[in-house]
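Descriptive structure summary
What follows is each chain in one-letter form.
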Amino acid sequence: MKKIIGLTLIVLTIIMGCSSSSIINKKNDDFNINNIMTNLEFLSSDELEGREATTRGERLAALYISTQLKKYGVKPFFSDSSYLQPFDVSVSSIDTNSTFSFLDNNQNLINSFNFREDFFSRMEDAFAIDTTTALVFAGYGITAQEYNYDDYSDINVAGKFVVLFSGEPSNGSEEFFKGEEETDYSSNEYKIKNAKDHGALGCIIPVSEQYQMYWEFIKRFAARPNFKLYDESSDKENFVSLSFNRNSLPRLFDYQPFSYDSLVSMSKLNSILPHFLMSENFRINFHVYSENRKAYNVVGVIEGRDEQLKDEFVAIGAHYDHLGQRNGEIYNGADDDGSGTVAVLEVAKVLAANRNNKRSVLIVFHTAEEKGLFGSEYFTNNFPALDKISAQINIDMVGRESIDTIFSVGSDKLSSELKQIVETVNNDNTKFVFDYKFDDPNDPERIYYRSDHYNYARHGIPIVFFYDYMLSDYHKPSDDFEKINFNKIEKTARLVYNIIDNISNLDHKLIVDKKEVEK
């Protein structure tokens, strides 16, 4: 009954929104907290089921946002009738019954290992495989000519699986693999690539000690669907990389020429590890299911009033998707990023009412941000006039923490003029205390690269990102409407409105005078 009532409310909300279109041309200079609250109450409600990309909840949110844009007088960008920009997302998941095992010459089971309990897979290196082949221990899996070292010199691994130790060899000399300092050869990325280059079908590598600490946590996430922006031209290599539970390692070397403990002792004594055949009957049943699904960006435009400048754009965006449902709980994402979504809606409402912008303003609600910034990646890869976008303002989580402060990220990465504008506008209007913590190139959390603005910045478009750094309910089902500071959302919306008003009315295109920090 609750779901029926919920669906009825959704339909009524959308119908009522459409019937209000008669107020499109009504001038409204005011930001309205009640309007912000109404929008967020709906978008963060249980009826939208957490707004996960490619789901029913996402589509309902997209329809609601489109209805509000129409009501505010914001035009669709891509057509006369639809605000939606559809794109395909490839969704893959691993069968939790996947196993690998050792068989004897009569195909009788000797030893077996199970997905999640003993291993998981990097989805980027996962493909369905059901075969019997050979398994080889290849030491560290390193080929380093400058150190006269090659774990593959005396073994042929073409068409076989390899087991590799973590780390790299040592002989106590600073001249050999830089002594105690780890080189790039110790990385799993290198080991996987080298195994591929030697023709291996797949590899098994122990997880790091840090990952091992969180194995129980990893188990819960290992079987979740993996999302990827669909690329029809991509040619995925048939190679599977398995990350192995360290607690299961001794059993992996049962019935082998060398035990796990003896190999560990050799590595600690700086001895060269032996290479040997572990099984001629290595049986792997690894099943991956994939499908393509639709996701939707929502894109509107407020046309510029200057005939010479209206073909240039200032972009404002937020991601409206969240995490959906997990283990029977709904992740409503009121702050992440319902707060940014309703802030953008409010800015769009006031911009459309005032029509003071010489340049056109793009209103972009990205989806699939939580899956890997896919909505903004698709948008920027397919926008017909990317070089005409002067700047992008991204709002992702602005409804929690102190109303007096906010994190400002990236404003001077590409344009010192943008930072000057942002600071001047803030000093003249909202008077936030800006925290620039995440502009540090050595920021360990790499916040600059973790929201949709980055896909604009990588194309050379100056950006500024506003963020509240809420941690207490981040990516938890407790990120709810009742905890939101609506005055902070309104204050952020006013800040962003005035930044757009300034940039859209410049007599020149925003100056790009810096080079972005490498990812």
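Residues numbered from 1 in each chain as written. Predicted model: local features only at pLDDT ≥ 70, side-chain atom pairs only at ≥ 80, totals over all residues. Heavy atoms only, no water.

Below, the discussion takes up the side chain of Lys371. Summarising the element assignment, Lys371 is placed in the loop between strand 18 (360-366) and helix 10 (374-382). Ignoring any residue separated from it by four or fewer positions in sequence, one finds Lys371 in contact with Glu52, Ala53 and Phe227. (Helix = DSSP H or I, 4+ residues; strand = E, 2+ residues; numbered from the N terminus. Contact = heavy atoms within 4.5 Å.)

All right, on to the nonpolar core then. Grouped together as the largest cluster of nonpolar side chains are 61 residues, with contacts concentrated most on Leu69, Ile316, Val347, Ile363, Phe365, Phe466 and Ile500. Among the elements that line this core, the one with the most residues is helix 9 (residues 334-354), at 10 residues. (Core = buried A, V, L, I, M, F, W, Y, C linked by side-chain atoms within 4.5 Å. Buried < 20%, exposed > 50% of the residue type's maximum accessible area, 1.4 Å probe, protein only.)

A few words on a negative patch on the surface. A contiguous patch of negative charge on the surface is contributed by Glu174, Glu175, Glu180 and Glu181. By secondary structure assignment, the location of Glu175 is in the loop between strand 9 (161-163) and helix 4 (188-197). (Patch = residues over 30% accessible without salt bridge, like charges linked within 9 Å, V, L, I, M, F, W, Y side chains within 5 Å. Areas by Shrake-Rupley, 256 points an atom, 1.4 Å probe, with all protein chains shown as cover. Salt bridge = Lys/Arg side-chain N within 4 Å of Asp/Glu carboxyl O. Lys, Arg positive; Asp, Glu negative; His and termini not counted. Charge placed at Lys NZ, Arg CZ, Asp CG, Glu CD.)

Looking now at the pattern of salt bridges. Within this structure, the stated rule accounts for 18 salt bridges. Ionic pairing is found between Asp130 and Arg283, a salt bridge with its closest N-O pair at 2.6 Å. Of the two residues, Asp130 sits in strand 6 (residues 129-137) while Arg283 sits in strand 13 (residues 276-286), which places them 153 residues apart along the sequence. Accessibility expressed as a relative area gives 43% for Asp130, which makes it partly exposed. Through salt bridges that share partners, Glu117, Glu216 and Lys219 make up one connected network.

Turning next to the packing of aromatic side chains. Counting across every chain of the model gives 47 aromatic pairs. Taken together, a centroid distance of 5.6 Å and an interplanar angle of 85 degrees make the contact between Phe313 and Phe383 edge-to-face. Of the two residues, Phe313 sits in strand 15 (residues 313-319) while Phe383 sits in the loop between helix 10 and strand 19 (389-395), which places them 70 residues apart along the sequence. With a relative accessible area of 8%, Phe313 lands in the buried category. Joined through ring pairs, the aromatic side chains of Phe100, Phe102, Phe113, Phe115, Phe119, Phe161, Phe244, Phe282 and Phe286 make up one cluster. For Lys371, the ring lying beneath its charged end belongs to Phe227, and the centroid distance is 4.3 Å. Across from the ring centre of Phe432, 4.4 Å away, lies the NZ or CZ of Lys491, which sits over that ring. (Phe/Tyr/Trp six-rings, centres within 6.5 Å; stacked < 30°, edge-to-face > 60°. Lys NZ or Arg CZ within 6 Å of the ring centre and 35° of its normal.)

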